[in-house]
Structures are given as C-alpha cells and as structure tokens.
Amino acid sequence: MNDAFAADTADTLPFTGLTPYGRPSWSGLLQFSLVGIPLKAYPAVRTRDVPSAHLLHADCGERLRYAKHCPVHGAVDNAAIVRGYEYGPGRHVLVEPEALDELRPAQDKALRLERFLAPAQLDPLLFAGRSLYLVPDGPAAEPGYGVLCIALAQRQRWALGRMVLGGHRQVVVLRPADTALVLHVLHYPEHVRVCPQTVRPPAHEPTEELRLAGMLIEAAGGKVDWTAYPDQGAQELKALIEAKLAGQPAALCEPPRMIVSLLEALQQSVGVPSQKEVPLKQKTPRKRARRTA
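As a starting point, this report considers the structure included with it. Just so it is clear, the model here is predicted, and its values are computed rather than measured.

On to the overall build of the protein, then. For the protein, the helix and strand inventory stands at 6 helices and 11 strands. Each of the 293 residues in the protein was classed as buried or not, and the buried ones make up 20%. Taking contacts inside the protein between residues at least 6 apart in sequence as the whole, the part at least 24 apart equals 60%. Here the protein displays about 24,100 Å² of accessible surface, and carbon together with sulfur accounts for 56% of that area.

If you want it as structure tokens, here you go:
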C-alpha cells in the first residue's frame, strides 16, 4: 500500500486498534485469484446473557441426570453404543466411526472467494444465523485487507466463497461493514424449502386499504435506531428471576388488542378515524303543533 492510500484510509480503517475478545473461532488464508490474506475470525454475535435453566428434582432441588437406556436391556454403557442411520421405519444401517472420519473434510485453512455479487441476489432464507468478524492476522495482512474491504464497499458487492468451518464444508458470504469484513454462513440452496401454500396477491386497483397501507409505510420510514430493539425476552426473564429472589410478584404484560377489520386497523394506525368513530349527525325531532279544540 502506498503512502497516499495509507494516509487516506488511516482514519477509516483502524485495524491495529481492533481488539477482539477471546480466542479466534477460525484462522486461515483468504484467497481470491492470486491474492492471499491471512485472517482470524471471531464470533460477531453472543448468546443471550441470561442464567441457564435446568430440570431439578422438586423434593431436594438437585439436577436430574439422564442415563442412556435401552427399552429391552435397560441401562447401556457407552462402549456398547453404536451409530445407526434410519433408512426405513424402525430400520437402521450401522456406520463405523472410521467410515464417518473418512467423510469429514480435511482441515483446510483456506477461505476461497469465488464470485462477487450484488446483495439483492441473496435470498435472506439462505442465511444460517452464524456470523463472524474477519480481522487481519498480523500487520502484514492489513494492506490487502483494507484494499478488499474498500473495493467491496465502493462497488457495493459481497463475496461468495467456500471454507471448512467447525469440521464442516460451508458456503459463506463476505460483506464490508463499516471498517471490517463480516462473514455469514449460508444454508445450502437445496435445503431451503418451498412455501407450502401459494398466496394469491391482491389486485392492484387503488383501494382505500392500499392507500392507507402506503401512508403507514412512508410514515414509518427513515433511519433505524437499533438501540430501540433490545432483547426484551432476556430482560423480562432477568426481571422474573430477580423478582423471585426478592420474593416479589412478577409484572405481567398486557396482551395486545385485536382488531378484526383490516380497514379499521389501517385507519387507526395512520390516525384516521374509522367509520365507527365518526359521530353521526342527530336529527332534530320536529315538534308537533298543539291541536286546539
């Protein structure tokens, strides 16, 4: 990397200041064409920070233990357990551990990029839910890392590749995020199921429902404040545990109010009074003239 490029990116690519926590989940060589960049990968998402739940014996409070049990012979030792794959109802074929070991991929330490694509080409159903931060493995890897990160960001492209992660072959996608590269593990396309029911879209004629739905979409647009989306379930579970420890009753959440009519729900969402809420004009009763004798 020349000095001019280094000066332009010094403030936007603080790789040396990145201090990931813990041990890396993966380390290896990112390869695309003839370029190789040594990298390390760290988990980008942590699990829920709540206490673990266990099944206890109600009489004494001790944790329950589970023993491997055969319905014919009772308890079974680990030495007498084999692995079998079901190929029919109640029928299994036994597979030796050595045969399974031969199927496992070699510990290949390469992340090979094969294609560069627009993000819109990826169906969100393909994302398997595991994400990793990729960081340079040493100062010598920083120039190539920075060039790849900026090149992807400028062209608004993601990189599709393959690697061995956790002993399994994985299809992954690599994307630039601020000043780092993020790796997402993908499902194999053949594992994605087809929707079990074909939903017929409504007609595109302008209706009051479509107009109100458009107003609602426009009103809720703009930049997202992600701090407004905390893990509410974890917070409620922590509050429940703390209330139990303090001997206090837990606060209950009110159930959401159901609205049956689509038009009424849209009208209330955008603040338009529904027909049921529009006050009707009261007719003034006519006074009957008194009949004189």
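What follows concerns the pattern of salt bridges. The tally for this structure, following the rule as stated, stands at 4 salt bridges. As a salt-bridge pair, R104 and D101 come within 2.2 Å of each other at their nearest N and O atoms. Note that R162 is salt-bridged to E114, the shortest N-O span being 2.7 Å. With a gap of 48 residues between them, R162 in strand β9 (residues 158-165) and E114 in strand β7 (residues 110-117) connect regions that are remote in the sequence. By relative accessible area, which is 43% here, E114 ends up partly exposed.

Note that strand β1 (residues 26-32) and strand β2 (residues 35-43) share 7 bridges and pair antiparallel. The residue bridging G28 from the neighbouring strand is L39, located in β2. Where β1 hands over to β2, the hairpin turn is made up of 2 residues, of which S33 adopts a positive phi near 55°. Where β2 and strand β8 (residues 127-136) come together, 5 bridges link them in antiparallel fashion. Paired with L39 across the two strands is P136, which belongs to β8.

In space, the 7 strands of this closed barrel follow the order β1-β2-β8-β11-β10-β9-β7, with mixed pairing throughout. Strand-to-strand, the axes of this sheet are offset by a mean angle of 40°, without reference to chain direction. In this fold helix α3 (residues 142-155) packs onto β1, β2, β7, β8, β9, β10 (168-177) and β11 (180-186), with an angle of close to 70° to the strand it touches most, β11.

A word on helix α6 (residues 262-270). The complete set of buried residues in α6 reads E264, L266 and Q267. Buried residues of α6, viewed axially, fall in a sector of 165°; they line one side. Against the buried residues of α6 lie α4 (208-219). In the stretch just after α6, G271 is the one whose phi turns positive, near 85°.

A few words now on the nonpolar core. The biggest cluster of nonpolar side chains holds 23 residues, and the ones touching the most others in it are W26, L30, L111, L134, L174, L181 and L183. At the level of secondary structure, the elements contributing two or more residues to this core comprise β1, β2, β7, β8, α3, β9, β10 and β11. Not counting the four nearest positions on each side in its chain, L134 is found in contact with W26, L39, K40, A41, L111, Y145, L174, L181 and L183.

Taking 1.5 Å per residue as the helical rise, helix α5 (residues 232-246) with its 15 residues ought to reach 21 Å, and the 21 Å between its terminal C-alpha atoms agrees with that figure. The positive-phi residue at the C-terminal boundary of α5 is G247, with phi of around 70°.

In this fold, V50 is placed in the loop between β2 and β3 (69-70). Looking at V50, the relative accessible area reads 21%, which means it is partly exposed. Linking V50 and G233, residues 183 residues apart in sequence, is a C-alpha distance of 9.9 Å. Those residues in contact with V50 that sit more than four places away from it in its chain are A234, L237 and K238.

Each value, and the rule that gives it
- Each residue is numbered by its place in its chain's sequence as written, counting from 1.
- Residue-level local features of this predicted model are given only where pLDDT is at least 70; pairs of side-chain atoms are given and counted only at 80 or more, and the full residue set underlies all totals for whole chains, interfaces and linings.
- The basis for the side-chain values is all heavy atoms of the structure; hydrogens and waters are excluded.
- Secondary structure elements follow DSSP: runs of H or I of four or more residues count as helices, runs of E of two or more count as strands, with numbering from the N terminus.
- Think of it in three bands: with a 1.4 Å probe and only protein chains considered, a residue is buried below 20% of the maximum accessible area for its type, exposed above 50%, and partly exposed in between.
- The contact definition used throughout considers only heavy atoms, calling two residues in contact when any of these lie within 4.5 Å.
- Method for areas: the Shrake-Rupley scheme with a 1.4 Å probe, in which residue coverage is limited to the protein chains shown.
- Salt bridges, as used here, are contacts in which a Lys or Arg side-chain nitrogen is within 4 Å of a carboxyl oxygen on Asp or Glu.
- Strand pairing is assigned whenever DSSP detects at least two bridges linking the two strands.
- All axes are obtained by fitting lines to C-alpha atoms, using only the stretch in contact for helices, and the reported angles, taken between N-to-C directions, cover 0 to 180 degrees.
- Each C-beta atom gives one direction from the helix axis, and the arc is the one those directions make.
- Put simply, buried Ala, Val, Leu, Ile, Met, Phe, Trp, Tyr and Cys residues joined by side-chain atoms within 4.5 Å make one nonpolar core.
- Working rule for helices: expected span equals 1.5 Å times residues minus one.

Any link to function would need more than the numbers given here.
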